[in-house]
Amino acid sequence: MRKKLISMLLCIIMVCAVAAGCGGKEDSGAKEGKTEGAEASDEKKDAIIMGGKNFTEAFLLSELYALALEDQGYEVERVFNMSTDTLAPAIQGGEVDIYPEYTGTALTDILGHELETDLDVIYETISSEFENQWGIKWLELSSMEDKVAIVMLKERAAALKVTNLTELQKAAEGLVLGDGVNFAEREDDLLRLNKIFGEFAFEVENVDYSLAYSCLDDGTVDVIPGLTTDPQLLDEKYVIIEEDVPVWPPQYVAPIVRGEILEKYPEIEDILNSVSEKLSTENMIKMLDEVVNGGEEYEDVAAEFYDANCK
């Protein structure tokens, strides 16, 4: 009887020991798992600093590229509302990682080159010089362009048989140019037109730039300098006079990125290029119209466009 009791006690002790051993392994494994998880969560991507210029179109562009990065798990710090004179040195010095830039602005304002109208030459020049001087890469160009445009009422242009700048020069005498941006005095604007086509004998009327299209509407002026992304151009009563001889540098947009960022996160290039593929002058005009005339916040407009076109 005593032997049976001893045997039973030994069995109980062995079972408890095995159970305790198994329990200890599970606890150890759980602790190891938690440690590995904590280490994995510490391996977060660095925040990407997205720069942006100081006008509505630039806010929209930078926000779109920022949304694309966030959609792929990146943390993005937004630094918008900067002038080119501030933003270019910021990316050159590593204070900004990415921002959308314009080809013509990069050529003349940042690199200091003379005006050029051949897009291939411009893109090759700015790509190589940004890379060589600052280690900054130009990504793929979008088809969105914001450049100088000469605008008239379509009906008025048709009556004068004006479709291009050559024809406008011949019809210019007696026409009123509404100038709200010192267009008539700038070497790269009216004075440049005069050199290429011969003198445009406009009567120049200074106007408030924000009222330039209204001045066209009421007949105060016949011609205004505008931009190819002006929201007013959604109205078909306006027409851009064709630049039949190239005058101004192409102003297409692309993201520019510090090389160190692309070395660390090479997938960013495809993420940003995928947004550029969806951009066009036409859809930028529509987005600007929603902000400028529709009173919507640029963040909301950008998010709506991104969800509809870039997801």
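Reading the values: the criteria
Residues numbered from 1 in each chain as written. Predicted model: local features only at pLDDT ≥ 70, side-chain atom pairs only at ≥ 80, totals over all residues. Heavy atoms only, no water. Axes fitted to C-alpha atoms, helices over the stretch in contact; angles between N-to-C directions. Helix = DSSP H or I, 4+ residues; strand = E, 2+ residues; numbered from the N terminus. Parallel < 35°, antiparallel > 145°, perpendicular 65-115°, else oblique. Left-handed = near helix turned anticlockwise from the far one by under 90°. Contact = heavy atoms within 4.5 Å. Nonpolar A, V, L, I, M, F, W, Y, C, P; charged D, E, K, R; others polar. Pairing = 2+ DSSP bridges. Buried < 20%, exposed > 50% of the residue type's maximum accessible area, 1.4 Å probe, protein only. Salt bridge = Lys/Arg side-chain N within 4 Å of Asp/Glu carboxyl O. Polar contact = N/O pair within 3.5 Å; in protein donor to acceptor, adjacent residues only side chain to side chain. Expected span 1.5 Å × (residues − 1). Arc of directions from axis to C-beta. Core = buried A, V, L, I, M, F, W, Y, C linked by side-chain atoms within 4.5 Å.

Enquirer: What's the story with the packing of helix H4 (residues 103-110) against helix H5 (residues 119-134) in this structure? I'm lost.
Expert: Packed helices, taken two at a time, are described by the angle between their axes plus the distance between the axes. For the pair H4 and H5, interaxial distance at closest approach is 9 Å and the crossing angle is 60 degrees. With respect to H5, the element H4 is oriented oblique. Here the hand of the crossing between H4 and H5 comes out left-handed. Here H4 contributes Thr103, Ala106, Leu107 and Ile110 to the contact with H5, which in turn contributes Leu119, Ile122, Thr125, Ile126, Phe130 and Trp134. Here the contact of H4 with H5 is built from residues that sort into eight nonpolar, two polar and no charged.

Enquirer: Explanation requested: the sheet that holds strand E8 (residues 224-227) in the structure shown.
Expert: Sheet strands pair by backbone hydrogen bonding; their relative direction is either parallel or antiparallel. Spatially, the three strands line up as an open sheet ordered E8-E5-E9, and their pairing is antiparallel. The two strands at the open ends of the sheet, each matched to only one other strand, are E8 and strand E9 (238-240). Neighbour-to-neighbour, the strand axes of the sheet open up by a mean angle of 45 degrees, direction not taken into account. In this sheet, E9 lies alongside strand E5 (residues 148-153) in antiparallel orientation, the contact comprising three bridges. From the neighbouring strand, methionine 152 faces E9, where its bridge partner is valine 239.

Enquirer: What am I meant to see in the pairing of strand E10 (residues 253-258) here?
Expert: Two faces, one strand: in a regular strand the side chains alternate between the faces of the sheet. Extensive coverage of E10 is indicated by the burial of six of its six residues. Neither face of E10 is exposed, since Val253, Pro255 and Val257 on one face and Ala254, Ile256 and Arg258 on the opposite face are all buried. Pairing between strand E4 (residues 136-138) and E10: three bridges, direction antiparallel. Bridge pairing in E10 links tryptophan 138 to isoleucine 256.

Enquirer: Sorry if this is basic, but what is going on with the environment of leucine 175 here?
Expert: If you trace the backbone, leucine 175 turns up in the loop between helix H7 (165-171) and strand E6 (176-179). With 25 residues separating them along the chain, leucine 175 and phenylalanine 200 place their C-alpha atoms 9.4 Å apart.

Enquirer: Please explain the pattern of salt bridges as it appears in this structure.
Expert: Oppositely charged side chains can pair when the atoms bearing their charge come close. Tallied over the entire structure, the rule returns 14 salt bridges. Taking the shortest distance from any N to any O, the salt bridge between aspartate 46 and lysine 264 comes out at 2.4 Å. Placement of aspartate 46 in the loop between helix H1 (2-42) and strand E1 (48-53) and of lysine 264 in helix H10 (residues 259-264) is noted, with a sequence separation of 218 residues between them. Linking lysine 195 and glutamate 187 is a salt bridge whose minimum nitrogen-to-oxygen distance equals 3.6 Å.

Enquirer: Could you clarify how one ought to interpret the side chain of threonine 228 in this entry?
Expert: Inspection of the secondary structure assignment puts threonine 228 in the loop between E8 and E9. Taking the relative accessible area as the measure of exposure, threonine 228 reaches 14% and is therefore buried. A polar side-chain atom of threonine 228 sits 2.7 Å from the main-chain carbonyl oxygen of glutamate 145. Discounting residues that sit within four places of it in the chain, threonine 228 has contacts with Glu145, Asp146, Lys147, Val148, Ala149, Leu233, Ile240, Thr281 and Ile285.

Enquirer: Please explain the pairing of strand E3 (residues 98-102) as it appears in this structure.
Expert: For E3, the tally of buried residues reaches five of five residues, placing the bulk of the element in the interior. What you see with E3 is no split at all: Ile98, Pro100 and Tyr102 on one side and Tyr99 and Glu101 on the other are buried throughout.

Enquirer: Teacher, can you tell me more about unusual backbone geometry here?
Expert: Note: most residues except glycine have negative phi, and most peptide bonds are trans. Even without being glycine, lysine 161 reaches a positive phi, approximately 55 degrees. Within the secondary structure, lysine 161 is located in the loop between helix H6 (154-159) and H7. Exposure remark for lysine 161: the relative accessible area of 70% places this residue in the exposed category. Positive phi, normally seen in glycine, also occurs at asparagine 182, with a value near 60 degrees. Position of asparagine 182 relative to the elements: it lies in the loop between E6 and helix H8 (190-197). For asparagine 182, a relative accessible area of 48% gives the class partly exposed.

Enquirer: Please clarify how H5 should be interpreted in this entry.
Expert: Residue pairs spaced three or four apart in an α-helix point in one direction, given the helix's 3.6 residues per turn. Spanning 16 residues, H5 covers 22 Å between terminal C-alpha atoms, matching the ideal 22 Å at 1.5 Å per step. Looking only at H5, the buried set comprises Ile122, Ile126, Ser127 and Phe130. When H5 is viewed along its axis, its buried side chains cluster within an angular range of 120 degrees and face the same direction. Opposite the buried face of H5, by more than 90 degrees, sit the exposed residues Asp120, Glu124 and Asn132. Packed against the buried residues of H5 are H4, E4 and E10.

Enquirer: How should the nonpolar core be read in this particular structure?
Expert: A general tendency of soluble globular proteins is for nonpolar side chains to be buried together. Membership of the largest hydrophobic core comes to 38 residues, with the highest contact counts inside it found for Leu60, Leu69 and Ile268. The residues touching isoleucine 268, leaving out its near neighbours within four places in the chain, are Ile48, Leu69, Tyr74, Ile98, Ile261 and Leu262. Formed by 20 residues, the second largest nonpolar core is a distinct cluster that contains Met152, Leu177, Leu190 and Val247.

Enquirer: Where do I start with the environment of glycine 94 in this structure?
Expert: Topologically, glycine 94 is positioned in the loop between helix H3 (84-92) and E3. In this structure the C-alpha to C-alpha distance between glycine 94 and glutamate 260, which are 166 residues apart in sequence, comes to 9.2 Å.

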